[in-house]
Amino acid sequence: MTAKPTKPIIGISIGDINGIGVEVCMKALQDNRVHKNFTPLIYGHGKALSIYKKMLDMEGFNFLQIRNLDEIQPKRINVINVVEECPEIIPGVETQEAGKLALEALQQAVDDLKEGKIQALVTAPLNKNNINSEELKFVGHTEYITNAVGAKDSLMFLVSDRLRVGLVTGHMPLTEVSKAVTVEKIKQKANLMLKSLEQDFGINRPKIAILGLNPHAGEDGLLGKEEQEVIRPAINQLKEENKLVFGPYPSDGFFGMMHQTKFDGILAMYHDQGLIPFKSMSFSDGVNFTAGLPVIRTSPDHGTAYNIAGKGLADEGSMQAAIFLAADILKQHYVEMEESEEGA
């Protein structure tokens, strides 16, 4: 990272235009704080925003259509077309054309992020079904961006004011989880979480809890051996490195007794183990942050929600939180950079 720009540019990939992505983006960007802190740039198509503006009766929403990033203007919502023609918009309907636009928006935004043309990226929800093809196996935003920026690993980190949950394993079938949970994997993800809590959230000497895999955290081997053979050894090795890690905790009792309030972060073994409590407590303002990358990427913690697309019912809280978290992490990085320069 070089010099701090006058006002950072935060890119937003529009996602599936037949889902709620366009709506939550438009609603979130109407917040007056947006233009004070950063300049938004939507990767998508201006026609899609114009159609939803009329459909949702959002006449107060205005944007600037630009042809390239040199035309970006501060204090405006900038939109760049990633395809020549905008596909037909059919709210709630999965189409291949919408999938192509979503992928193109993501690819162009990630390219600009890698080149430093934008300082952070927020990804609106897309549909994996209409993106996947013989040429591309798209598992999820997290995996795609991790690979695109050449990172060895990353952490799917769900964040809100109340809770921070990271995952050892992400988008994989439950039948494959046990084999994927290894001592090295747990240590790797725990270290990514600890580093992120320090660098991205400004927490000195963070403390994290590590959950068990089996019911009752294996109950001393009666209900599974992973805690004894894998998870506890990983925790012990981390403790030997002077890391503040604790566990393994039975996940039901851990959240049932509100133990999450005692830790800066919680490391879950698999997707639903972490996301069910997170979404139960923070669905309306939760953010999916990809920690451990050389770039900043956030997203709302929900999907395309085809069932309410185009009806004006979508809650923009999570998208708004994702946008402002990206700005906050960017600000934290600048603070650290300035402190480092002062100490040099």
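Note that the structure is a prediction, hence the values are computed from the model and not measured.

Participant: So what exactly am I meant to see when it comes to the overall build of the chain here?
Facilitator: Of regular secondary structure, the chain possesses 11 helices and 12 strands. By the compact-globule yardstick of 20 Å for 344 residues, the chain fits well, its C-alpha radius of gyration being 21 Å. Overall size of the chain, expressed as C-alpha extent along the three principal axes, is 60 × 50 × 40 Å. The contacts of the chain with a sequence gap of at least 6 include a subset with a gap of at least 24, amounting to 74%. Carbon and sulfur atoms make up 48% of the accessible area of the chain, which totals about 15900 Å².

Participant: Looking at this structure, how should I read the environment of Val183?
Facilitator: Relative to the elements of secondary structure, Val183 occurs in helix H7 (residues 183-199). As a C-alpha pair, Val183 and Ile17 span 166 residues in sequence and 41 Å in three-dimensional space. If near-sequence neighbours (up to four positions away) are discounted, Val183 is found in contact with Glu229, Val230, Pro233, Ala234 and Gln237.

Participant: In this structure, what is going on with the state of the cysteines? I would like to understand it.
Facilitator: Disulfides are covalent bonds that connect the sulfur atoms of two cysteines. Per the stated rule, a full pass over the model turns up zero disulfides. Looking at the unpaired Cys25, the closest cysteine sulfur is the one in Cys86, lying at 14 Å. By relative accessible area, which is 0% here, Cys25 ends up buried. For Cys86, a relative accessible area of 10% puts it in the buried group.

Participant: How do you make sense of the packing of aromatic side chains when you look at a structure like this?
Facilitator: The description of two aromatic rings rests on the distance between their centres and on the angle between their planes. By the definition in use, this model includes 10 aromatic pairs. On the numbers, 6.0 Å between centres and 70 degrees between planes, the contact of Phe38 with Phe324 is edge-to-face. Within this pair, whereas Phe38 is found in the loop between helix H2 (34-37) and strand E2 (39-44), its partner Phe324 is found in helix H11 (residues 317-343), the two being separated by 286 residues in sequence. Phe38 sits in the buried class, given a relative accessible area of 0%.

Participant: I would appreciate a short explanation of the side chain of Ser154 in the present structure.
Facilitator: Among the structural elements, Ser154 can be located in the loop between helix H5 (141-148) and strand E6 (155-159). Residue Ser154 is classed as buried on the basis of its relative accessible area, which comes to 6%. Among the polar contacts listed, one links the side chain of Ser154 to the side chain of Thr146, at a separation of 2.6 Å. Aside from chain neighbours lying at most four places away, what touches Ser154 is Thr142, Thr146, Lys189, Leu192, Thr290, Ala291 and Leu293.

Participant: Sorry if this is basic, but what is going on with the sheet that holds E2 here?
Facilitator: The strands that make up a sheet pair up through hydrogen bonds in the backbone, lying either parallel or antiparallel. Read across the open sheet, the 12 strands follow the order E3-E4-E2-E1-E5-E12-E11-E6-E7-E10-E8-E9; overall the sheet is mixed. Of all strands in the sheet, those bounded by a partner on one side alone are strand E3 (64-66) and strand E9 (245-249). Within this sheet the neighbouring strands show an average axis-to-axis angle of 25 degrees, counted without direction. Two elements, strand E11 (residues 287-291) and strand E12 (residues 297-300), share three bridges in a ladder whose sense is antiparallel. Bridge assignment links Val287 to a residue of E12, and that residue is Pro300. On the sheet, H7 packs against E6, strand E7 (164-167), strand E8 (208-211), E9, strand E10 (265-268) and E11 and is oriented at approximately 160 degrees with respect to E10.

Participant: Would you mind showing me how to read the confidence of the model for the chain here?
Facilitator: Parts of the model with low pLDDT should not have their predicted coordinates read in detail. Counting all residues, the mean pLDDT for the chain is 93, and 96% of those residues have values of 70 or more. Across residues 1-5, where pLDDT falls below 50, the model places nine contacts with residues more than four positions away in sequence or in other chains.

Participant: Hey, could you run me through the packing of helix H4 (residues 96-114) against H5 in this one?
Facilitator: Following both chains from N to C, one finds H4 and H5 inclined at 40 degrees, their axes separated by 11 Å at the closest point. Classified by the angle between their axes, H4 and H5 sit oblique to one another. Note that H4 runs across H5; the crossing there is right-handed. For the pair H4 and H5, contact is made by Leu106, Gln107, Val110 and Lys114 and by His141, Tyr144, Ile145 and Ala148, respectively.

Participant: So what exactly am I meant to see when it comes to the pattern of salt bridges here?
Facilitator: Any two side chains of opposite charge can pair, so long as their charged atoms come close to each other. According to the stated counting rule, one finds eight salt bridges in the structure shown. The salt bridge partner of Asp285 is Arg162, with a shortest N-O separation of 2.7 Å. Taken together, the positions of Asp285 in the loop between helix H10 (271-282) and E11 and Arg162 in the loop between E6 and E7 put the pair 123 residues apart, joining distant regions of the chain. The partly exposed category is assigned to Asp285, whose relative accessible area is 23%. One salt bridge connects Lys243 with Glu241, and the closest N-O pair in it is separated by 3.4 Å. Lys243 gets classed as partly exposed once you look at its relative accessible area, which sits at 27%. Salt bridges linked by common partners bring Lys187, Glu241 and Lys243 together as one network.

Reading the values: the criteria
Sequence positions are assigned chain by chain, starting from 1 and proceeding in written order. It should be noted that, the model being predicted, local features are given only for residues of pLDDT at least 70 and side-chain atom pairs only at 80 or more, the latter also being counted only at that level, while totals for whole chains, interfaces and linings use all residues. With hydrogens and water set aside, each side-chain value is computed from the structure's full complement of heavy atoms. The way it works is that DSSP assigns letters per residue, a run of H or I at least four long becomes a helix, a run of E at least two long becomes a strand, and they are numbered from the N terminus. This radius of gyration counts C-alpha atoms alone. The globule rule is 2.2 Å times how many residues there are, raised to the power 0.38. Only heavy atoms enter the contact rule, under which two residues are in contact if any of them lie within 4.5 Å. Calculation of accessible area relied on Shrake-Rupley with a 1.4 Å probe; when residues are assessed, cover is drawn exclusively from the protein chains displayed. We call a pair of cysteine sulfur atoms a disulfide whenever their separation is within 2.5 Å. Only protein chains enter the calculation, and the probe is 1.4 Å; a residue is then buried if its accessible area is under 20% of its type maximum, exposed if over 50%, and partly exposed in between. In this scheme Phe, Tyr and Trp rings, the latter by its six-membered ring, pair at centre separations within 6.5 Å, and the angle between planes marks the pair as stacked below 30 degrees, edge-to-face above 60, and tilted otherwise. Counted as a polar contact is a pair of N or O atoms within 3.5 Å, where, for protein atoms, one must be capable of donating a hydrogen and the other of accepting one, and residues adjacent in sequence contribute only when both atoms are in side chains. For two strands to be treated as a pair, DSSP must find no fewer than two bridges joining them. Whenever a helix is involved, its axis is fitted only over the stretch in contact; in every case the axis is a line through C-alpha atoms, and angles between N-to-C directions fall within 0 to 180 degrees. The pLDDT value expresses, per residue, how confident the predictor is, ranging between 0 and 100. Convention used here: angles under 35 degrees read as roughly parallel, angles over 145 as roughly antiparallel, angles from 65 to 115 as roughly perpendicular, and any remaining angle as oblique. Two helices that cross are described as forming a left-handed crossing if the nearer one is turned anticlockwise from the farther one by less than a right angle, and a right-handed crossing if clockwise. Note on definitions: salt bridges are taken to be side-chain nitrogens of Lys or Arg within 4 Å of carboxyl oxygens of Asp or Glu.

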